[in-house]
Amino acid sequence: MADDPLSTTFAALADPTRRAILARLAEGAATVKELSEPFAMSGPAVSKHLRVLERAGLITRGRDAQWRPCTLDATPLREVTEWADGFRRFWDDSHRRLDAYLERMKEQEDDH
């Protein structure tokens, strides 16, 4: 994976299984077995996804007696949000131009 944290986060988020795992962890901690249940894959395959998420800083894995619960760490997602917010002005401007265009079209239609 890339060296910068944002690229590492995007690479981890690129896989739909990993996004689903993060969505599940947003509901609370879970074991590998619990995280494996909705997927047609083995525990070791899910563990590989968890390692990618852990390297990206998106999850932490603890120890609680005999099980290692995984928990979400959304800090890297804040960096993604901040990066994406830089494009908000572009989209806001585009939507305003589209709204103005549609209003002109409606006025032309009303004039006919």
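Scroll up for the structure.
These numbers were taken from a predicted model, which means no experiment stands behind them.

Novice: Mind showing me how you'd approach the packing of aromatic side chains here?
Specialist: Each aromatic ring pair is specified by the distance between its two centres and by the angle formed by the two planes. Using the criterion set out here, one finds three aromatic pairs in the structure. Centre to centre, the rings of Phe-10 and Trp-83 are 5.3 Å apart; their planes meet at 75°, and the pair counts as edge-to-face. Of this pair, Phe-10 sits in helix H1 (residues 5-13) while Trp-83 sits in helix H5 (residues 75-85), and the two are 73 residues apart along the sequence. By relative accessible area, Phe-10 is classed as partly exposed at 33%. Residues Phe-90 and Trp-91 carry aromatic rings whose centres are separated by 4.9 Å and whose planes lie at 75° to one another, so their mutual orientation is edge-to-face. Take Phe-90: its relative accessible area is 47%, and that puts it in the partly exposed class.

Novice: I tried to follow the environment of Glu-37 on my own but got confused; where do I start?
Specialist: Within the secondary structure, Glu-37 is located in the loop between helix H3 (32-36) and helix H4 (43-55). The sequence separation of Glu-37 and Leu-58 amounts to 21 residues, and the corresponding C-alpha distance is 20 Å.

Novice: What is the right way to look at the packing of H1 against H5 in this model?
Specialist: When two helices pack together, you describe them by how their axes are tilted relative to each other and by the distance separating the axes. Viewed as axis vectors pointing N to C, H1 and H5 meet at an angle of 100°, and their least axial separation amounts to 10 Å. Classified by the interaxial angle, the pair formed by H1 and H5 is roughly perpendicular. Residues Pro-5, Leu-6, Thr-9, Phe-10 and Leu-13 of H1 touch H5, and the partners they reach there are Pro-76, Leu-77, Glu-79, Val-80 and Trp-83. Of the residues assigned to the contact of H1 with H5, the class counts are eight nonpolar, one polar and one charged.

Novice: Sorry if this is basic, but what is going on with the nonpolar core here?
Specialist: Note that soluble globular proteins tend to have their nonpolar side chains buried in a common cluster. If you look at the biggest cluster of nonpolar residues, it comprises 17 residues, and the most contacted ones within it are Ile-21, Leu-25, Leu-35, Leu-50, Leu-53 and Leu-58. Secondary-structure elements contributing two or more residues to this core are H1, helix H2 (16-25), H3 and H4. Top contributing element to this core by residue count: H4, with four residues. For Ile-21, the contacting residues outside a window of four places in its chain are Leu-35, Phe-39, Val-46, His-49, Leu-50 and Leu-53.

Conventions used here
- By convention here, each chain's residues receive numbers from 1 onward along its written sequence.
- Only residues with pLDDT of at least 70 are given local features in this predicted model, and only at 80 or more are side-chain atom pairs given and counted; all residues enter the totals for whole chains, interfaces and linings.
- Note that the side-chain values use all heavy atoms of the structure and ignore hydrogens as well as water.
- A pair of aromatic rings is counted whenever rings of Phe, Tyr or Trp (Trp by its six-membered ring) have centres within 6.5 Å, and the orientation is called stacked for planes under 30 degrees apart, edge-to-face for over 60 and tilted otherwise.
- Where helices and strands are cited, they refer to DSSP runs of H or I of at least four residues and of E of at least two residues respectively, numbered from the N terminus.
- Partly exposed describes any residue whose relative accessible area lies between the buried limit of under 20% and the exposed limit of over 50%, with all areas from a 1.4 Å probe on protein chains only and scaled to the type maximum.
- Here an axis means a line fitted to C-alpha atoms, over the contact stretch when the element is a helix, while the angle between two N-to-C directions is reported on a 0 to 180 degree scale.
- An angle below 35 degrees is read as roughly parallel, one above 145 as roughly antiparallel, one from 65 to 115 as roughly perpendicular, and any other as oblique.
- Only heavy atoms matter for contacts: two residues are in contact if any of them lie within 4.5 Å across the pair.
- Here the term charged refers only to Asp, Glu, Lys and Arg, the term nonpolar to Ala, Val, Leu, Ile, Met, Phe, Trp, Tyr, Cys and Pro, and the term polar to all other amino acids, Gly among them.
- Only buried residues count toward a nonpolar core, which is a set of Ala, Val, Leu, Ile, Met, Phe, Trp, Tyr and Cys residues joined through side-chain atoms within 4.5 Å.

Bear in mind that shape data such as this cannot, by itself, settle questions of function.
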